[in-house]
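# Structure assessment
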Amino acid sequence: MKRVFSGIQPTGEIHIGNYFGAILNYVKLGEELGKNSIYCIVDYHAITIPHEPELLRKRTFDAALVNMAAGLDPSKVILFAQSDVREHTELGWIFSTQTPLGDLERMTQFKDKSSQHSVLAGLLMYPTLMAADILLYKANTVPVGEDQVQHIELTREIARRFNNRFGELFPEPLAVHNKDALRVPGVDGQGKMSKSKGNTLGVLEEIDSIWQKLRVAPTDPARVRRTDPGNPHICLIFDYHKLFSDLDTIQMVEVGCSTAGIGCIDCKKTLMKGVERTLVPIQQRAQELYSTPDIVKDALHEGAREARQIAQQTMQEVRDALGLLNP
Ligand code: TYM
């Protein structure tokens, strides 16, 4: 049986990297697998860096709302907030007692983030909580962007080590990707789009604000004049066309750029059509949900109830296997 789990952090606005890299796959797998697809707003993960309580509450709600506006139907899948299901931290603790410190210290995301902030112990333990998220539901399939692969590898090792020591309980989950959006680049052209880098295009961002960012976004530096041919394959804007535009437009832009048949500003304006076509319907649904917040709150409440049923069953098995008392 295929069971899917994935999580998204409420640490900032949901951006198009999250949308194309992960959420689109949540929706697709949700349609295929129904209640065997489980999605979580991971607020316990979000507090591994300093945070504001009110903002966290708002962002957790917003993250759920954006997922719903993007097409995730909470009556078909399970959608909930991590802190509503206490078993996540319980299993996270257990895994931290079984995981060598060196395995956690070598995680690249830990190294990156610990150079930006004062290091909290929870930041180091982040991957054991993430393994708990996935294995609590015995999920074997994890839709994520490429940046999460190392964490999923560690989750596999944690499952393997546990099974060897205490008996076969967990699957070894595999990451699955949207191959067209493994690593959506930031609008500054300086690497991956990321909430922490401030180089995002928000799913709910005003269309004009997106245009203002794209208008000044870097393109192939070889195109100094309008008549200079360019290489679309090193251009950020072409990467975005591949996400937002239809095949004919992508081909037209590819040829146009390399033969100087289209200028960069026109190429960006063409991109905006795809941006609008993709984001405006999501933004309209989001507006509707903001005016009926109880729909989102009730969905999270019901999702947590469904998640808890699975999580409590797994924890009984884990407690038995470890020799802990079962209440
Ligand atoms: P987070 O909140 O950073 O990102 C959520 C999802 O979006 C993907 N993503 C991207 N994909 C392509 N291009 C990008 N520029 C881009 N930026 C983000 C991420 O890969 C992710 O799939 N540790 C996780 C949250 C988590 C989790 C889990 C995920 C906690 N527990 C269990 C899966 C399973 C994170 O920080 O994602």
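Residues numbered from 1 in each chain as written. Predicted model: local features only at pLDDT ≥ 70, side-chain atom pairs only at ≥ 80, totals over all residues.

### A word on helix H12 (residues 264-291)
Side chains three or four residues apart in an α-helix point the same way, a direct result of the helix having 3.6 residues per turn. Between its terminal C-alpha atoms H12 stretches 39 Å, which fits the 40 Å expected from 28 residues at 1.5 Å a residue. The sharpest bend along H12 comes to roughly 30°, located at Leu 279, with the proline Pro 281 sitting one to four residues further on. Every buried residue of H12 is listed here: Cys 267, Leu 271, Val 275, Leu 279 and Leu 289. Packing partners of the buried residues in H12 comprise helix H3 (53-69), helix H9 (207-215), helix H10 (236-244), helix H11 (247-258) and helix H13 (293-322). (Helix = DSSP H or I, 4+ residues; strand = E, 2+ residues; numbered from the N terminus. Expected span 1.5 Å × (residues − 1). Bend = angle between axes of the 7 residues up to and from the residue. Buried ≥ 20, exposed ≤ 12 C-beta atoms within 10 Å, placed from the backbone. Contact = placed C-beta atoms within 7 Å.)

### Re the nonpolar core
Membership of the largest hydrophobic core comes to 83 residues, with the highest contact counts inside it found for Ile 38 and Leu 79. Mapped onto the domain boundaries, this core takes at least three residues apiece from domain 1 (4-184 + 293-322) and domain 2 (205-286). (Core = buried A, V, L, I, M, F, W, Y, C linked by C-beta atoms within 7 Å. Domains from an automatic or database assignment.)

### Regarding the UniProt feature "short sequence motif: 'HIGH' region" (unreviewed entry) in the chain
In this numbering, the UniProt entry assigns the feature "short sequence motif: 'HIGH' region" (unreviewed entry) to residues 10-18. Annotated as residues 10-18, this span is 33% helix and 0% strand, and its ends, taken at the C-alpha atoms, are 11 Å apart. (UniProt positions renumbered as here; feature names shortened; annotations may be inferred.)

### Considering the site of the ligand
Surveying the vicinity of the ligand reveals 26 residues, the closest of which are Gly 7, Gln 9, Gly 17, Gly 21 and Gly 145. Breaking the shell around the ligand down by element, the ones donating at least two residues are strand E1 (4-8), helix H1 (16-33) and helix H7 (121-135). Its residues assigned to classes, the shell around the ligand shows 11 nonpolar, 11 polar and 4 charged. (Near = placed C-beta within 6 Å. Nonpolar A, V, L, I, M, F, W, Y, C, P; charged D, E, K, R; others polar.)

### Here we look at the confidence of the model for the chain
Averaged over all residues, the pLDDT of the chain equals 96, while 100% of them reach at least 70. Of the two predicted TM-score estimates for the complex, the pTM is 0.97 and the ipTM is 0.99. (pLDDT = per-residue confidence, 0-100.)

### Some thoughts on H7
When the terminal C-alpha atoms of H7 are compared, their 22 Å separation across 15 residues agrees well with the 21 Å that a helix rising 1.5 Å per residue should span. Most pronounced at Pro 127, the bend in H7 amounts to some 40°. Counting buried positions along H7 gives 11 out of 15 residues, so the element sits mostly inside the fold. Every buried residue of H7 is accounted for by Leu 123, Tyr 126, Pro 127, Thr 128, Leu 129, Met 130, Ala 131, Ala 132, Asp 133, Ile 134 and Leu 135.

### With respect to the domain arrangement of the chain
Considered domain by domain, the chain is made up of domain 1 (4-184 + 293-322) and domain 2 (205-286). Computed over C-alpha atoms only, the centres of domain 1 and domain 2 are separated by 33 Å. Of the residues lining the interface, 7 residues belong to domain 1; the matching set on domain 2 comes to 5 residues. Taken together, the residues that form the side of domain 1 that touches domain 2 break down as 6 nonpolar, no polar and 1 charged.

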